[in-house]
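# Examining the three-dimensional arrangement
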Amino acid sequence: MTSTIGTSTDSFGFNGLKLFEVVRDCLPDDRKRTQNLLETKDDMLFVWNSKNCSVLTVNWRAANVKKDQQQKYQTLIPSAPQNFTVEKILPSTEATFLALSGPRGLSILELPRRWGPNGQYQNGKECIICRSYNLDEHLFTENVNLEILQIRWHPASPTDSHILALLSDNSIRVYDVDALRHVWRVGPSPSLVNGGAATNKPPPPLSTSSPTTTAMTSKSTAKLAYLSSLGDTAVDFDIAPPRVVNGGEGGGGGAADLTTTTLEDTSYSTTGGHSFAQQKKSKGGKIEWPIVILRGDGNVYILCAGIDTDRPKLQGPISILPQVDDNYGLDSCSLVVVPSLPPTIIIAESSGKTHHALLLEEESPAERSLTELDSSLVLYPCEWYLQVLETVELELGLAGVDEARTYSCPIHLKRDLLNESRYFAYHNAGLHAVTMDFTRQLVQFVENDDDLNEKYPLFNSQSRAEYVVCTKALPNSSTNAVLGFALLSSPPGILLQLASGQVVTLDLISDHSMILDWTRAPGGKSSRATDPTLKNMLKDSFQDRIQTILKSGTTQPILKLDQTAEPTPQESFELLTQATRMLREHYFAKHEKARQEIERRVHVLKLLKQQQLAEIDQLQQEKQQIRETAERLAENYEDICDKQSALFKRAQEVVRLATLRLPKGSFSENKFADMIEKIANATKQLERNVDQAKQKITAQQVQVEQKQKAQKERIVTLPTKQEEIIKQIIGEMYTQIEGCVTDVKKMNSVLNMT
């Protein structure tokens, strides 16, 4: 595959920041498990200081631009100290709050305002005391075995303050900053479990804090381990894209009370959910955000709930197709929802397997019946099912000599907000980047009107997993767990903090499809089945073929091992043996195959050359034959031309003699005679016109003489204007008469008439 990660291990130069120099000295005591003690939001980087119980923050974009100047970091001190160990920090959607989470507690830190040239908090003040809220401290104090498994900010929160926390007692608690809004049941309650069976005694409301509830909760802590061993405990959840419910009760009603259900906003992101919810509420529809819940035994449930739903309806378990014996993992640990169309569900197992599935709607969910787990929890018919497309197996550490010894650890998933086709998996053994090709194919299938199934069938390419950073070389070696993983944007990159204090920053290509080469056949022309084998081999570029052969199917990660202890000779020998085996199996074999392909191509080209030389000889012979034939045809052509000329002259003479012997004139003579006759008739008509003109002139002269005599006898004085008009008329008549006379003279001269 094409590598999307740069080779430098600190592309952004974060190791030189003063902030990480302080963090290296304040790492947590327990560094054997994967945590997430750093996070980014836009241009701000948040890092948890385990020693001083404070948050260190810096504008990483400004620090990246001003590399020559040391960018100062800020310290955010919570006003209320935490009574638990922080293992995860998570900023809210609009960066208004920062959640500090651990197995034994949850705290909300209110972030101060930002201003100043570098966009820092309170114009770059070094230490800031921030208001913080410790949520439900008494709950964890009274329940020793109760733990927080996952937290997520709700994208539809109007105040950017609603957070969801999944607890190990199969409940999701919804907080609005420090106020508990809802407690949603997502599985059997430990208070109802008695040796694997449920009691008939109704449980008290979970949202109350009465002494009775506290006592019963304390008794149920001993039964949490029993639920976990059976896989009946929810281990992770994520929020799917919203949908609009018209008619019926809100809160994710089942098929009985749901009239229309439509998935909306397929391009939903964690920053755009609030505006979408407000827009749909203004149109009169009820917004539901399906919450996808994963249990340890691999079963998936959906809790259809809005942000104000008191009693949501739990649907499940979802049917997973195609069905397998192990239900796609009996040790599931993590889940993430990619807001594609349809939504993509990614389920990870502790063994390193990740399953890619599409969340599709059931055709007839109402046919199923309700399932009552206990008096307060009912499972409704599920409106969806999961269609698993593929399973990707991630390598947790470098494979040793003894492949039977496999390493397993919890996998943490994080999707790429810039590219919905990619997500990341970080764990004790390092970091993987997984690219899913079918999401882009689904988008192209929806956008294009053409029938893509005939041209390019869907799901014809597999996903690609790239082992980016490896922190565990051998199964027996110590782990260098990931303490923090964050995604950077503008410019895109990844940030990784390891238990050894090392910081890895790598450049990231936001859209891998820009560099992906699609090997598609040229359209319009299809190769015939009768084409020779040699021509079929030579159609593709030989250089591309060799590059395809030499392309490695596996990626070699960047090794970031624990440098605090030297490896034993046995570990060094195993690492050397593994590297040698890797060269022999993945590199030398490919070079040997490339050599065989080159030899085969040379042999084919020699055969082709011999065939072409034989064809050239045959063409030379055909050329000589064609030349002789052309000379013979040229001589025949000259003889035929001479005969044709002689025949043409004879034909002309015959036509002339035949014309002379005709009783009448030819067509040309008749036409000329007709023309002469027409001219004669026209001349006679002209003579008559001239005679008439002469008579009119004579009559006019007589009239003029008479008028002159009368004028002499009688003097008549005309007005000047009339006199000028008469003169003008007489002049025009004289000109006309003179022209007519001239025309008559010309006609007489033409016709030789006197």
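Remember, predicted model here, so these are calculated numbers, not experimental data. (Residues numbered from 1 in each chain as written. Predicted model: local features only at pLDDT ≥ 70, side-chain atom pairs only at ≥ 80, totals over all residues. Heavy atoms only, no water.)

Next up on the list: the overall build of the chain. From N to C terminus, the chain includes 13 helices and 36 strands. Counting only residues that meet the buried cut, the chain has 40% of its 754 residues in that class. In the chain, the proportion of contacts linking residues at least 24 apart, taken out of those at least 6 apart, comes to 64%. For the chain, the accessible area works out to roughly 42,300 Å², and carbon and sulfur atoms hold 52% of it. (Helix = DSSP H or I, 4+ residues; strand = E, 2+ residues; numbered from the N terminus. Buried < 20%, exposed > 50% of the residue type's maximum accessible area, 1.4 Å probe, protein only. Contact = heavy atoms within 4.5 Å. Areas by Shrake-Rupley, 256 points an atom, 1.4 Å probe, with all protein chains shown as cover.)

Right, let's get into the pattern of salt bridges. The final tally for this structure, using the stated rule, is 17 salt bridges. Notably, a salt bridge pairs arginine 152 with aspartate 236, separated by 3.8 Å at the nearest N-O pair. Placement of the pair is arginine 152 in strand β10 (residues 148-153) and aspartate 236 in strand β16 (residues 234-239), with a sequence separation of 84 residues. Between glutamate 383 and arginine 243 there is a salt bridge, and its shortest N-O distance comes to 2.8 Å. Of the two residues, glutamate 383 sits in the loop between β27 (377-380) and β28 (384-393) while arginine 243 sits in strand β17 (residues 243-246), which places them 140 residues apart along the sequence. (Salt bridge = Lys/Arg side-chain N within 4 Å of Asp/Glu carboxyl O.)

Where two aromatic rings form a pair, the distance of their centres and the angle of their planes describe that pair. Tallied over the entire structure, the rule returns six aromatic pairs. Centroid distance phenylalanine 12 to phenylalanine 14: 5.9 Å. Interplanar angle 45 degrees. Geometry classified as tilted. Like phenylalanine 12, the residue phenylalanine 14 is buried in the burial classification. Each residue in the set Phe12, Phe14, Phe20 and Trp60 is aromatic and connected to the rest through ring pairs, giving one cluster. (Phe/Tyr/Trp six-rings, centres within 6.5 Å; stacked < 30°, edge-to-face > 60°.)

Looking now at unusual backbone geometry. Of note, the amide linkage connecting glycine 316 to proline 317 takes the cis form, showing an omega dihedral of -5 degrees. Within the secondary structure layout, proline 317 lies in the loop between β21 (313-315) and β22 (319-321). With an omega of -10 degrees, the peptide bond between leucine 321 and proline 322 qualifies as cis. Tracing the backbone through its elements, the reader meets proline 322 in the loop between β22 and β23 (332-338). Within the chain, aspartate 160 stands out as a residue other than glycine whose phi angle is a positive 55 degrees. Although it is not a glycine, asparagine 170 sits at a positive phi angle of roughly 60 degrees. Inspection of the secondary structure assignment puts asparagine 170 in the loop between β11 (162-167) and β12 (171-176).

Now for the nonpolar core. Grouped together as the largest cluster of nonpolar side chains are 24 residues, with contacts concentrated most on Ile346, Ile411, Leu413, Tyr423 and Met436. Within the residue set of this core, elements represented by two or more residues are β23, β24 (344-349), β30 (422-427), α7 (438-447) and β32 (464-470). Counting residues per element, this core draws most heavily on β23, at three residues. Not counting the four nearest positions on each side in its chain, isoleucine 411 is found in contact with Cys333, Ser334, Ala348, Glu349, Ser350, Leu396, Ala425, Tyr426 and His427. By size, the runner-up hydrophobic cluster in this structure holds 22 residues, among which are Phe20, Leu45, Leu56 and Trp60. (Core = buried A, V, L, I, M, F, W, Y, C linked by side-chain atoms within 4.5 Å.)

With 32 residues, helix α13 (residues 720-751) should cover 46 Å at 1.5 Å per step; its first-to-last C-alpha distance of 46 Å lies within 8% of that length. Phi turns positive, to about 60 degrees, at asparagine 752, one or two residues after α13. (Expected span 1.5 Å × (residues − 1).)

Residues Phe672, Met675, Ile676 and Ile679 make up a contiguous nonpolar surface patch of about 380 Å² in total accessible area. Structurally, phenylalanine 672 can be placed in helix α12 (residues 667-713). (Patch = residues over 30% accessible without salt bridge, like charges linked within 9 Å, V, L, I, M, F, W, Y side chains within 5 Å.)

Pairing in this open sheet of four strands is antiparallel, and the strands run β5-β6-β7-β9 from one edge to the other. In this open sheet, the two strands that pair with only one neighbour each are β5 (88-91) and β9 (132-135). For this sheet, the mean angle separating the axes of adjacent strands, direction not counted, is 20 degrees. Bridge count for strand β6 (residues 97-102) against strand β7 (residues 105-110) is six bridges, and the pairing is antiparallel. The residue of β7 that forms the bridge with leucine 98 is leucine 109. (Pairing = 2+ DSSP bridges. Axes fitted to C-alpha atoms, helices over the stretch in contact; angles between N-to-C directions.)

Here we come to the UniProt feature "coiled-coil region" (unreviewed entry) in the chain. As recorded in UniProt, the feature "coiled-coil region" (unreviewed entry) lies at residues 602-643 and 676-710. The span residues 676-710 is 100% helical and 0% strand by assignment, and the distance between its end C-alpha atoms comes to 51 Å. (UniProt positions renumbered as here; feature names shortened; annotations may be inferred.)

Take the environment of leucine 394 next. With respect to the element layout, leucine 394 can be found in the loop between β28 and β29 (412-415). Looking at leucine 394, the relative accessible area reads 4%, which means it is buried. Placed 71 residues apart in sequence, leucine 394 and alanine 465 show a C-alpha to C-alpha distance of 7.3 Å.

Our focus in this paragraph is the packing of α12 against α13. Interhelical geometry of α12 versus α13 gives an angle of 145 degrees and a closest axis separation of 10 Å. At the point where α12 passes α13, the crossing takes the left-handed sense. Across the interface between the two elements, Thr683, Leu686, Val690, Ile697 and Gln700 from α12 touch Met733, Ile737, Val744, Met747 and Leu751 from α13. The class makeup of the residues in the contact of α12 with α13 is eight nonpolar, two polar and no charged. (Left-handed = near helix turned anticlockwise from the far one by under 90°. Nonpolar A, V, L, I, M, F, W, Y, C, P; charged D, E, K, R; others polar.)

Quick look at the pairing of β30 now. Burial analysis of β30 places six of its six residues in the buried class, the great majority of the element. With burial as the criterion, each face of β30 is covered, one bearing Arg422, Phe424 and Tyr426 and the other bearing Tyr423, Ala425 and His427. Pairing of β29 with β30, which is carried by four bridges, proceeds in the antiparallel orientation. Paired with histidine 412 across the bridge in β30 is tyrosine 426. Between the antiparallel neighbours β29 and β30 lie six residues. In sequence, β30 turns back onto strand β31 (residues 430-435) through a hairpin of two residues.

Looking now at the sheet that holds strand β25 (residues 353-361). What the five strands build is an open sheet, ordered β22-β28-β25-β24-β23; its pairing is mixed. Single-partner strands in this sheet number two, and they are β22 and β23. When the angles between neighbouring strand axes are averaged without regard to direction, this sheet yields 30 degrees. In this structure, β22 lies alongside β28, joined through three bridges in parallel fashion.

Of all six residues in strand β34 (residues 493-498), six are buried; the element is thus mostly enclosed. Covered by surrounding structure in β34 are Gly493, Leu495 and Gln497 together with Ile494, Leu496 and Leu498, the residues of both alternating faces. One ladder, built from six bridges, connects strand β33 (residues 482-488) with β34; its direction is antiparallel. Across the sheet, leucine 488 pairs through a bridge with glycine 493, a residue of β34. In this antiparallel pair of consecutive strands, β33 and β34, the connection spans four residues, and serine 490 shows a positive phi of 55 degrees. Counting the residues in the hairpin turn of β34 and strand β35 (residues 503-507) gives four residues, including glycine 501, whose phi is positive at 95 degrees.

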